[in-house]
Amino acid sequence: MAIDKQELMDFILDHYENPRNSGTISDADKVQNSVCQNGGNPGCGDIVTICLNVENGIVKDIKFEGEGCIVSQAGTSIISEKIIGKSIEDIIGMGPETMTDILGEELCLSRPKCATLGLQTVKLAINEMKRNELKEEAAK
Ligand code: FES
């Protein structure tokens, strides 16, 4: 469904002002299959912290907090809705085009780092979770 520019701006602004899945997973490091990961764009200092809970390879919960530009924060909120119920393999396979499909080419080409901050941080979180699993395996 094609949406016009105004609708897209309203959609982005709504996610910025009313972020979905806002918050944190408390004591994520003590909850099995949970992780919290920071991500940021060094150039501007904008940050997000994303917490994931994964069960049997499927994202069951995601929470995030962050500070930064509208595109980065709205993009993180949008991606948080998109990945619940998805397998971590599917998420790792999501490229920047995932954000382009949602936010439009114009925005993503002009501000690629802002648009993909959430998605990149989700992927970092998944990799961190995998590393933790390997460490736990090795410690057994
Ligand atoms: Fe920093 Fe957008 S300007 S993430």
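See above for the structure.
In what follows, the accompanying structure is described. (Residues numbered from 1 in each chain as written. Predicted model: local features only at pLDDT ≥ 70, side-chain atom pairs only at ≥ 80, totals over all residues. Heavy atoms only, no water.)

**Notes on the state of the cysteines**
Think of a disulfide as a covalent bridge from one cysteine sulfur atom to another cysteine sulfur atom.
Alright, step 1. A full pass over the atoms with the stated rule returns one disulfide.
Alright, step 2. Each sulfur in the disulfide pair Cys 36 and Cys 51 lies 2.0 Å from the other. Here the S-S torsion is close to 105°, and the disulfide linking Cys 36 with Cys 51 is therefore right-handed. Remark: Cys 51 occurs in strand β2 (residues 46–55) and Cys 36 occurs in strand β1 (residues 34–41); sequence separation between them is 15 residues. (Disulfide = S-S within 2.5 Å. Helix = DSSP H or I, 4+ residues; strand = E, 2+ residues; numbered from the N terminus.)

**Details of the pattern of salt bridges**
Two side chains that carry opposite charge are able to pair once their charged atoms sit near each other.
Alright, step 1. Here the structure, examined in full by the defined rule, presents seven salt bridges.
Alright, step 2. Through salt bridges that share partners, Asp 14, Arg 20 and Glu 81 make up one connected network. (Salt bridge = Lys/Arg side-chain N within 4 Å of Asp/Glu carboxyl O.)

**Observations concerning the packing of helix α2 (residues 70–83) against helix α4 (residues 96–103)**
Alright, step 1. Across the interface, α2 lies against α4 with an axial gap of 11 Å and an inter-helix angle of 105°. Relative to α4, the element α2 is oriented roughly perpendicular. Along the contact surface, α2 presents Val 71, Gly 75, Ile 78, Ile 79 and Lys 82, while α4 presents Thr 98, Met 99, Ile 102 and Leu 103.
Alright, step 2. Counted by class, the contact of α2 with α4 contains six nonpolar, two polar and one charged residues. (Axes fitted to C-alpha atoms, helices over the stretch in contact; angles between N-to-C directions. Parallel < 35°, antiparallel > 145°, perpendicular 65-115°, else oblique. Contact = heavy atoms within 4.5 Å. Nonpolar A, V, L, I, M, F, W, Y, C, P; charged D, E, K, R; others polar.)

This is a description of form; function is not addressed.
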